[in-house]
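What follows is the residue order along each chain.
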Amino acid sequence: MQVSVRDNNVDQALRALKKKMQREGIFREMKLRRNYEKPSERRVREEAEAIRRHRKLMRKRLEREGY
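Residues numbered from 1 in each chain as written. Predicted model: local features only at pLDDT ≥ 70, side-chain atom pairs only at ≥ 80, totals over all residues. Heavy atoms only, no water.

### What about a positive patch on the surface?
Part 1: There is a patch of like positive charges on the surface, built from Arg-55, Lys-56, Arg-59, Lys-60, Arg-61 and Arg-64.
Part 2: Mapped onto the fold, Arg-64 is located in helix α3 (residues 39-65). (Patch = residues over 30% accessible without salt bridge, like charges linked within 9 Å, V, L, I, M, F, W, Y side chains within 5 Å. Areas by Shrake-Rupley, 256 points an atom, 1.4 Å probe, with all protein chains shown as cover. Salt bridge = Lys/Arg side-chain N within 4 Å of Asp/Glu carboxyl O. Lys, Arg positive; Asp, Glu negative; His and termini not counted. Charge placed at Lys NZ, Arg CZ, Asp CG, Glu CD. Helix = DSSP H or I, 4+ residues; strand = E, 2+ residues; numbered from the N terminus.)

Right, here's the structure in full:
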């Protein structure tokens, strides 16, 4: 990942880097890797995330279609 610093404005470059990292999910990945996660816990978490994503998609779809 790369961010260019323009006009010696490091604060703006740092903000852009943080935004890119947030979009890529790096902070979330670091938080997950901080502690060991058993395979069974990982499977349960991933299934719950998939259910949440699906429900969110359905809510957006229903809202778009006007039900």
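Alright, that's what it looks like, and here's the rest.
### Some remarks on the environment of Gln-22
Part 1: Here Gln-22 shows up in helix α1 (residues 10-24).
Part 2: With 16 residues separating them in the primary sequence, Gln-22 and Lys-38 have C-alpha atoms 25 Å apart.

### With respect to the side chain of Glu-49
Part 1: Tracing the chain through its elements places Glu-49 in helix α3.
Part 2: With relative accessibility at 15%, the residue Glu-49 sits in the buried group.
Part 3: Of note is the side chain of Glu-49, whose polar atom sits 2.5 Å from the side chain of Arg-28. (Buried < 20%, exposed > 50% of the residue type's maximum accessible area, 1.4 Å probe, protein only. Polar contact = N/O pair within 3.5 Å; in protein donor to acceptor, adjacent residues only side chain to side chain.)

### Some words on the pattern of salt bridges
Part 1: Across all of its chains, the model carries 5 salt bridges by this definition.
Part 2: For Arg-33, the salt bridge identified is with Glu-29, shortest N-O distance 2.8 Å. One end of the pair, Arg-33, and the other, Glu-29, are both in helix α2 (residues 26-33), 4 residues apart, so they sit about a helical turn from each other.
Part 3: For Arg-33, a relative accessible area of 64% puts it in the exposed group.
Part 4: Taking the relative accessible area as the measure of exposure, Glu-29 reaches 38% and is therefore partly exposed.
Part 5: Glu-49 serves as the salt-bridge partner of Arg-45, at 3.2 Å between the closest nitrogen and oxygen. Here Arg-45 pairs with Glu-49, and both are found in helix α3, just 4 residues apart, close to one helical turn.
Part 6: The network of salt bridges with shared partners includes Arg-28, Glu-37, Arg-45 and Glu-49.

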